[in-house]
Every structure is written in C-alpha cells, then in structure tokens.
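In case you want the letters, here they are:
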Amino acid sequence: MPHNLNVVLLEPEIPSNTGSIGRLCLATQSTLHLVEPLGFEITDSRLKRAGLDYWQYLNVVRHADWDAFLKTLPAGAPCVFFSKKAQRHYFEHRFAPGSYLIFGKETLGLPEDLIQQHAETAVRIPQYDDRVRSLNLSNAVSIAVYEAIRQLGV
Ligand SMILES: C[S@@+](CC[C@H](N)C(=O)[O-])C[C@H]1O[C@@H](n2cnc3c(N)ncnc32)[C@H](O)[C@@H]1O
C-alpha cells in the first residue's frame, strides 16, 4: 500500500477498542503495534467480539515496553503523537508514507513529557464541546488513519 501506516497503541486498556482498531488496521493494511503492558489478554472474549475473527490475518507486533518499541523504529521514521493537549491540529500535519501514528491509553492518554518532547509532531483532533473530555481511542485512530490515507493516496 502507498501509505504503509503503523498504528501504535501505548498500553491499551480496553479490549474492545483494540479489537476495533485491529479490524481497522487490517482493512487499511496498516501494521498494529501494541506496547505492553496491555490491560487485557489478547484472547479476551470482548476483543474476540470486536475483531479477533480477523486477528490471524493482522500484522501485529507486540513490544515489551516503550523503550523496546523505540529500538525497533527505523532511523528517521516519521512519528505523529496524538493528544487532545497538542497545540497543532491534525489538519495541518503532512503525513508521510510509513508514518507511526502513536496513541495513548484510555485512562491517562500519552505521558505529558512525551508530548512536550515531540511538540512539533504532536497533533490534536479538534473538539467543540468542553464537556467531552476526549474522543474514544478507536474513533481517534480511525480519524487519523483515514486522514493519512486521504493525503497519501489509496
Ligand atoms: C480516551 S483518550 C485518553 C484521554 C486521557 N484522559 C487524556 O487526557 O489524554 C485515548 C487516546 O485517544 C487519542 N485521542 C483522544 N481524543 C483525542 C483528540 N481530541 N485529539 C488527539 N488525540 C485524541 C489520544 O491518543 C489519547 O491518548
């Protein structure tokens, strides 16, 4: 695929989110990276309901922790950090083929220091009502992946 995207979930906690994201990754031929610890077993029945039917076909890579993930990153790999706290809109970001789209865990999001260290490649998806704390993780991933594909070509 021309986009050749990577979706990175940092310590995901809710199996149905990861299941849905796995399904999206297969549909878009993106690689799913799961950075441990996970908040569930990969065989969990809720994950199964959400997408594990497809799991065997999915290109999924598990990493013991963030440092282990970093060691697998090719030199100069384009990374994009998704956070509601980022300054830049994702509309402004020019996605590159092979990008690593990085998302935080459901309860806490990405660590603040990670967002600050990567302020230039951290983006937010706009929200227009302050009562909404954040978007659902799998919704945020869908928006990001399809924006990258829109830019990079199908
Ligand atoms: C449920 S949210 C985490 C909420 C967490 N309480 C926080 O303050 O970030 C899970 C992940 O979805 C992504 N996400 C959710 N809403 C977003 C937004 N408006 N812009 C960018 N990313 C978002 C981020 O990667 C976030 O870490």
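Structural notes, computed from the coordinates. Sequence order sets the numbering: in each chain, residues are counted from 1 along the sequence as written. Local features in a predicted model are, by the rule used here, given only for residues with pLDDT of at least 70; side-chain atom pairs are given and counted only at 80 or more, and totals for whole chains, interfaces and linings are based on all residues. Excluded from the side-chain calculation are hydrogens and water; included are all heavy atoms of the structure.

### Things to note about the side chain of Ser83
Here Ser83 lies in the loop between β4 (79–82) and β5 (88–89). The definition of a polar contact used here is a pair of N or O atoms within 3.5 Å, where within protein one atom must be able to donate a hydrogen and the other to accept one, and adjacent residues in sequence count solely through side-chain atom pairs. A distance of 3.0 Å separates a polar side-chain atom of Ser83 from the backbone nitrogen of Lys85. Whether two residues touch is decided by their heavy atoms; if any such pair falls within 4.5 Å, the residues are in contact. In contact with Ser83, not counting residues within four places along its chain, are Ile115, Val123 and Arg124. Helix and strand definitions follow DSSP, with helices as H or I runs of at least four residues and strands as E runs of at least two, each counted in order from the N terminus.

### Some points on the sheet that holds strand β3 (residues 60–63)
One bridge is not enough; two strands pair if DSSP finds at least two bridges between them. Strands sit in the order β3-β2-β1-β6-β4-β7-β5 across an open sheet of seven strands; the sheet is parallel. The open sheet terminates on both sides in strands that have one partner only, identified here as β3 and β5. Of the pairings in the sheet, the one linking strand β2 (residues 31–35) to β3 comprises four bridges and is parallel in character. Its bridge partner being in β3, Val35 is matched across the sheet by His63.

### Some details on the pairing of β4
A regular strand carries its side chains on alternate faces of the sheet. Side-chain alternation along β4 places Cys79 and Phe81 on one buried face and Val80 and Phe82 on a second face that is also buried. In the sheet, β4 pairs with strand β6 (residues 100–103) via three bridges, with the strands oriented parallel. Among the inter-strand pairings, Val80 is bridged to a residue of β6, identified as Leu101. Two strands pair when backbone bridges link them, and β4 and strand β7 (residues 122–124) are joined in this way by two bridges, in the parallel orientation. When the bridges of β7 are listed, Phe82 appears paired with Val123. Burial classes follow relative accessibility: with a 1.4 Å probe on protein chains only, a residue under 20% of its type's maximum area counts as buried, one over 50% as exposed, and anything between as partly exposed.

### Some words on the packing of aromatic side chains
Each Phe, Tyr or Trp ring (for Trp, its six-membered ring) is paired with any other whose centre lies within 6.5 Å, and the angle between the two planes then decides the class: stacked below 30 degrees, edge-to-face above 60, tilted in between. Following the criterion strictly, the structure yields four aromatic pairs and no others. Through a chain of ring-to-ring contacts, the aromatic side chains of Trp66, Phe69 and Tyr100 assemble into a single cluster.

### Some remarks on the layout of surface pockets
Cavities and pockets are defined on a 1 Å grid built over the protein atoms alone: a cavity is a set of grid points where a 1.4 Å probe fits but cannot escape, while a pocket is an open set with protein on both sides within 12 Å along at least five of seven lines, and lining residues are those with an atom within 4 Å of any such point. Grid points are joined across faces, edges and corners, and a volume is the space filled by probe spheres set on the points. Space inside the largest pocket adds up to approximately 570 Å³. Elements with a minimum of two residues in the lining of the largest pocket: β7 and α5 (137–152).

### Some points on the site of the ligand
Every one of the 20 residues lining the ligand counts as a neighbour, but Phe82, Gly104, Ile125, Gln127 and Leu135 are closest to it. Contacts to the ligand include Gly104, whose backbone N or O atom sits 3.1 Å from an oxygen atom. One nitrogen or oxygen atom from the main chain of Ile125 is found 2.8 Å from a nitrogen atom belonging to the ligand. With the chains in place, 91% of the 570 Å² that the ligand exposes on its own is no longer accessible. Throughout this document, a residue counts as near a molecule or strand when at least one of its heavy atoms sits within 4 Å of that molecule or strand. All accessible areas in this document rest on Shrake-Rupley with a 1.4 Å probe, and a residue is counted as covered only by the protein chains that are shown.

Read these as spatial facts, not as claims about activity.
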